[in-house]
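The chain contents come next:
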Amino acid sequence: MTHPTETGRERPAAIKAVPVRHPGRWVAIAVLAVLVAMFLHLIFTNAGFRWSFIFTSYAPGKRGVMFTEPVLEGLRGTILLTVFSMLIGVGLGIVIAIMRLSPNKVLSTVAWVYTWFFRAVPRLVLAVIFGNLNILWTRIGFGLPFDKQIGQLFGIDNFDGQIFSVKSTDLLAGFVAGMIALGLSEAAYMAEIVRAGIQSIDEGQSEAAVALGMSRGQVLRRIVLPQAMRVIVPPTGNEVIAMVKDTSLVAYVPVTGELFFQLQQVEARTFVVLPCLVAALLWYLIICSVLMVIQFFVERHFSKGYGAAGKARQRLRDIQVEQGGRITT
Amino acid sequence: MTEMVRAESVHKSFGSLEVLKGVDLTVPQGGVSCVLGPSGSGKSTFLRCINHLDKLDAGRILVDGELVGYRERGGKLHELSERDVAKQRQTIGMVFQRFNLFPHMTALDNVMEAPCRVKRESKAEVRDRALALLDRVGLAEKVDNYPGQLSGGQQQRVAIARALAMRPKVMLFDEPTSALDPELVGEVLEVMKGLARDGMTMIVVTHEIGFAREVADEVVFMDGGVVVEKGPPAEIIANPQQERTKAFLSKVL
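Residues numbered from 1 in each chain as written. Chains lettered and ligands numbered in written order. Predicted model: local features only at pLDDT ≥ 70, side-chain atom pairs only at ≥ 80, totals over all residues. Heavy atoms only, no water.

Colleague: Go over the overall build of chain A with me, naming the residues and quoting the values.
Modeller: Helix and strand counts for chain A stand at 13 helices and two strands. Counting only residues that meet the buried cut, chain A has 34% of its 329 residues in that class. The contacts of chain A with a sequence gap of at least 6 include a subset with a gap of at least 24, amounting to 70%. Only carbon and sulfur atoms are counted for the fraction: they give 67% of the accessible area of chain A, which is about 20800 Å². (Helix = DSSP H or I, 4+ residues; strand = E, 2+ residues; numbered from the N terminus. Buried < 20%, exposed > 50% of the residue type's maximum accessible area, 1.4 Å probe, protein only. Contact = heavy atoms within 4.5 Å. Areas by Shrake-Rupley, 256 points an atom, 1.4 Å probe, with all protein chains shown as cover.)

Colleague: Kindly report on the packing of aromatic side chains, identifying the contributing residues and their values.
Modeller: Summed over all chains, the structure comprises eleven aromatic pairs over all chains. Through a chain of ring-to-ring contacts, three or more aromatic side chains come together here, namely W112, Y114, W116, F117 and F118 of chain A. It is R162 of chain B that lies over the ring of F102 of chain B; its NZ or CZ is 4.5 Å from the centre. (Phe/Tyr/Trp six-rings, centres within 6.5 Å; stacked < 30°, edge-to-face > 60°. Lys NZ or Arg CZ within 6 Å of the ring centre and 35° of its normal.)

Colleague: Give a description of the pattern of salt bridges that names residues and reports values.
Modeller: All names here are of chain A. Applying the stated rule across the entire model yields 27 salt bridges over all chains. One salt bridge connects E186 with R123, and the closest N-O pair in it is separated by 2.7 Å. Highlighted residues: E186 in helix 8 (residues 174-199) and R123 in helix 5 (residues 123-136), separated in sequence by 63 residues. Taking relative accessible area as the criterion, R123 reaches 12% and is therefore assigned buried. (Salt bridge = Lys/Arg side-chain N within 4 Å of Asp/Glu carboxyl O.)

Colleague: Tell me about the packing of helix 5 (residues 152-164) of chain B against helix 6 (residues 182-197) of chain B, and please be specific about residues and values.
Modeller: All names here are of chain B. Packing of helix 5 against helix 6 brings their axes to within 8 Å, and their N-to-C directions diverge by 20 degrees. Relative to helix 6, the element helix 5 is oriented roughly parallel. Considering the relative orientation of helix 5 and helix 6, their crossing is right-handed. The segment helix 5 lies against helix 6, with G152, G153, Q154, Q156, R157, I160 and L164 engaging L184, E187, V188, V191, M192 and L195. Residue composition of the contact of helix 5 with helix 6, grouped by class: seven nonpolar, four polar and two charged. (Axes fitted to C-alpha atoms, helices over the stretch in contact; angles between N-to-C directions. Parallel < 35°, antiparallel > 145°, perpendicular 65-115°, else oblique. Left-handed = near helix turned anticlockwise from the far one by under 90°. Nonpolar A, V, L, I, M, F, W, Y, C, P; charged D, E, K, R; others polar.)

Colleague: So what about the environment of E267 of chain A? Which residues, and what values?
Modeller: Residue and element names in this part refer to chain A. Looking at where E267 falls in the secondary structure, it is placed in helix 11 (residues 259-270). E267 gets classed as buried once you look at its relative accessible area, which sits at 18%. Distance from E267 to Q205, taken between C-alpha atoms, is 57 Å for residues 62 residues apart in sequence.

Colleague: With reference to specific residues and values, describe the pairing of strand 9 (residues 170-174) of chain B.
Modeller: Residue and element names in this part refer to chain B. Within strand 9, five of the five residues are buried, which leaves it mostly tucked inside the rest of the structure. On strand 9, burial covers both faces: V170, L172 and D174 on one face and M171 and F173 on the other are all buried. In this sheet, strand 9 lies alongside strand 8 (residues 92-95) in parallel orientation, the contact comprising four bridges. Each residue of the ladder has a partner; that of M94, found in strand 9, is L172. (Pairing = 2+ DSSP bridges.)

Colleague: Could you give an account of the side chain of Q88 of chain B, naming the residues involved and the relevant values?
Modeller: Residues and elements named next belong to chain B. Inspection of the secondary structure puts Q88 in helix 2 (residues 82-89). The buried category is assigned to Q88, whose relative accessible area is 9%. In terms of polar contacts, Q88 uses its side chain to reach the side chain of E66, at 3.2 Å. The contact partners of Q88, leaving out residues within four places of it in the chain, are E66, L67, V68, G69 and L80. (Polar contact = N/O pair within 3.5 Å; in protein donor to acceptor, adjacent residues only side chain to side chain.)

Colleague: Before we move on, can you summarise the sheet that holds strand 4 (residues 58-63) of chain B with the specific residues and values?
Modeller: Residue and element names in this part refer to chain B. With antiparallel pairing, the four strands of this open sheet are ordered in space as 2-1-4-5. Since the sheet does not close on itself, it has two edges, and those belong to strand 2 (17-28) and strand 5 (66-67), each with one partner. As paired elements, strand 4 and strand 5 share two bridges and run antiparallel to each other. Looking at strand 5, one finds that V63 is bridged to E66. With respect to the sheet, helix 1 (residues 43-50) is in contact with strand 1 (3-14), strand 2 and strand 4, its orientation differing from that of strand 1 by roughly 120 degrees.

Colleague: Can you explain the interface of chain A and chain B? Please cite residues and give values.
Modeller: Listed by partner, the interface residues are 24 residues for chain A and 30 residues for chain B. Buried area between chain A and chain B, both sides added, is near 2300 Å², and the carbon and sulfur share of it is 54%. Along the contact surface separating chain A from chain B lie four salt bridges. Its salt-bridge partner being R216 of chain A, residue E82 of chain B comes within 2.9 Å of it at the nearest N-O pair. Mapped by element, the contributors of at least two residues to the side of chain A that touches chain B are helix 9 (203-211), helix 10 (216-246) and helix 13 (307-322) of chain A. (Buried area = accessible area lost by both parts, 1.4 Å probe.)

Colleague: Give me a positive patch on the surface: which residues, what numbers.
Modeller: On the surface, R221 of chain A together with R117, R120, K123 and R127 of chain B cluster together into a positively charged patch. Along the polypeptide, R127 of chain B turns up in helix 4 (residues 123-136). The class of R127 of chain B is partly exposed, set by a relative accessible area of 41%. (Patch = residues over 30% accessible without salt bridge, like charges linked within 9 Å, V, L, I, M, F, W, Y side chains within 5 Å. Lys, Arg positive; Asp, Glu negative; His and termini not counted. Charge placed at Lys NZ, Arg CZ, Asp CG, Glu CD.)

Colleague: Quick rundown of the nonpolar core? Include the residues and the values.
Modeller: Residue and element names in this part refer to chain B. By size, the foremost hydrophobic cluster in this structure holds 73 residues, and its most contacted members are V5, V10, F46, I50, I61, L172 and I203. The residues contacting I61, other than those within four sequence positions of it, are R6, A7, V10, C49, I50, L56, E66, L67 and V68. Membership of the second largest hydrophobic core comes to 52 residues, among which are L101, A107, M192 and F248. (Core = buried A, V, L, I, M, F, W, Y, C linked by side-chain atoms within 4.5 Å.)

Colleague: Could you give an account of the confidence of the model for chain A, naming the residues involved and the relevant values?
Modeller: Taken as a whole, chain A shows an average pLDDT of 86; of its residues, 90% reach a score of 70 or greater. Within the model, the stretch residues 325-329 of chain A combines pLDDT values under 50 with eight contacts to residues more than four positions away or in other chains. (pLDDT = per-residue confidence, 0-100.)

Listed below in structure tokens is the structure:
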């Protein structure tokens, strides 16, 4: 018996069924709506928030506290501190991750010790320590280690093996101290993230690249890291956002040009507590929201060649081409 | 005919497990050797020793008269630097069982990557060559697709084009069709037959007896880390002398 592939029967009408009801969801939505209304009621009926203090004018002749000059300065400081400490963190983190994965035991041990130390010390403590390091070493320089001791060994007093040095109060104070403290701490976390990313890539990838004659550096830069970015970017986004918030710790270095410190200063001058805190909260919300949008686009960039979306787009294109249509994508 | 690949008494152990126990092989220029044998017989490891992906413990391998991975000076072997090994690998193409295409690059970029980055050839020239190679493996339509958008057979053909783009003197195939759906095996074998016809020196580890019979100049049967039997395909496949070869062939034919 043969079965015709086309039956020639008419296509039955599309199914029109009564969908399953979810009464539980409606109850949950109602409960949430009431809670949201209660929350809005709490915020907008309490005069203590003093919205005009935050947005329009906090004192006669001044702008709202969110937009006053010192607070905007602080905002700039917070953003710069985030950017620079993340640059240190990511750069150093990649180096440490690569060291950690090195077949050389010395390199991998040094990397392990680094991550162990900086992950174990709280950032607040680290920030304070870096703010006070200039007590311990009055000058910071680069040169031969143990130069004085070596000099004495050969009978030379005050042998100077320093190539250059600066006064540590110039270098290790305020902003720079905070930046280094946060950056070094961040590098430890970034190293772990980068290592996880590199290890997530199939061994076959670097084998194929090496078999083509690529050097180890090329394999890392061109093949492994670009793929590892898919794994590295989401947790790094978390790290950036956490860093925005952790910059408030450098107030203890002390660094004055930072958002939260500046708002606390206004608070101390005006004795208006809560609106200042809300202003800080709003600024952090805004910065982090912008960062999350950036993260979305970065993630999309590094997911090239992966994922159902790309496949679907390609399939659509193939169909269009087959049907003689114009390629639109 | 000049010798392209010469392996002498190659030994390789992983820990206490000795995988290769003295393998010899010579392939003349333009010759095609098919290596057959049960899994775990050391075929793939032997292939990986030829381009130094695995370091051999004893014996030596020469490609085009040049010692692979070492330099002999004053009767003593010196390990080659990473850079020199990379240079040798440029002349030895390899195709893997699981393709190992770079998933973040299009088919064309996969093929262009090594000539552009490693040999630093001009991009326009490499592009023309890459397009010609992809056309040759029947993928002219797919140059802008990412590997994830290609079937296994298409991916493996891109991988072959990628290896050829470096103009290798010899091509190593490590079970190139073992990870493919049965209906896709043919298209990859066709490309390999074309290569063999064009005079490429090839060493092919495979389970495709039909391919070996048709294309190989020499069939090498390996088991337990040694070459059990080798010779022209007509003899080895149709009329094996060794018991182990007979047992293996009776299972796969």
